[in-house]
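# Coordinate analysis (summary)
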Amino acid sequence: MRLSDTIEQFIKDMISEEPQAEVDLKRNELAAYFHCAPSQINYVLSTRFTPDHGYVTSSQRGGGGYIRIVRIVRGDHEQLAYLLSDRIGDAITAGEAQILCNQLAERGVISLSDAQLMISATSPAALAVPVPESVKDAIRARILRSMLLSVVQRRKEASAP
């Protein structure tokens, strides 16, 4: 496991222990704990704790400065609308689709097996056709949207009395 992965998991574990799904951290203290440069902490925060990953970060500078990380929590309907319109949109890259599917599985929105299936269906190998990348991204978005809607419908039917 790389140091970035370890730092990410450490922060996620801290957030999951908080009822408000937020945590305040001191960058230098975290860097000292992991024996790394503060820039490594910055890298993890800027690449893995973004709105696309389901987090909002803010910082307070100065002597008592901190970094606040808040996990975005949405209702099922609001989450689905956000995913379909803002997160997937008209086009999505294979990397973005993989991040999204992993995030949804991590949050329990979809099962791990559903996530793996969606990643496979939207992978570069699955879309290895001689068309421009922008067309592949549009096709990938349609596939992912369709699969998500199917999973949501299946869950509704399974939970109906």
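Up top is the structure these notes are about.
In short, a report on the structure. Since we're looking at a predicted model, the values are computed, not measured.

### Here we look at the pattern of salt bridges
Using the criterion set out here, one finds 7 salt bridges in the structure. A salt bridge links D5 to R48; its shortest N-O distance comes to 2.6 Å. Of this pair, D5 sits in helix α1 (residues 3-16) while R48 sits in helix α3 (residues 38-48); the two residues are 43 residues apart in sequence, bridging distant segments of the chain. The buried category is assigned to R48, whose relative accessible area is 11%. A salt bridge links E22 to R68; its shortest N-O distance comes to 3.6 Å. Of the two residues, E22 is situated in strand β1 (residues 22-25) and R68 in strand β3 (residues 66-71); the sequence distance between them amounts to 46 residues. The class of R68 is partly exposed, set by a relative accessible area of 25%. A single salt-bridge network, built from bridges that share partners, covers D5, E8, K12, R48 and E106.

### Some points on the packing of helix α5 (residues 94-106) against helix α6 (residues 112-121)
At their nearest, the axes of α5 and α6 sit 8 Å apart, and the two run at 175° to each other. When the axis of α5 is compared with that of α6, the two are roughly antiparallel. Residues Q98, C101, N102 and A105 of α5 form the contact with α6, whose participating residues are L112, A115, M118 and I119. Considered class by class, the residues forming the contact of α5 with α6 number 6 nonpolar, 2 polar and no charged.

About the cut-offs
- Residues numbered from 1 in each chain as written.
- Predicted model: local features only at pLDDT ≥ 70, side-chain atom pairs only at ≥ 80, totals over all residues.
- Heavy atoms only, no water.
- Salt bridge = Lys/Arg side-chain N within 4 Å of Asp/Glu carboxyl O.
- Helix = DSSP H or I, 4+ residues; strand = E, 2+ residues; numbered from the N terminus.
- Buried < 20%, exposed > 50% of the residue type's maximum accessible area, 1.4 Å probe, protein only.
- Axes fitted to C-alpha atoms, helices over the stretch in contact; angles between N-to-C directions.
- Parallel < 35°, antiparallel > 145°, perpendicular 65-115°, else oblique.
- Contact = heavy atoms within 4.5 Å.
- Nonpolar A, V, L, I, M, F, W, Y, C, P; charged D, E, K, R; others polar.

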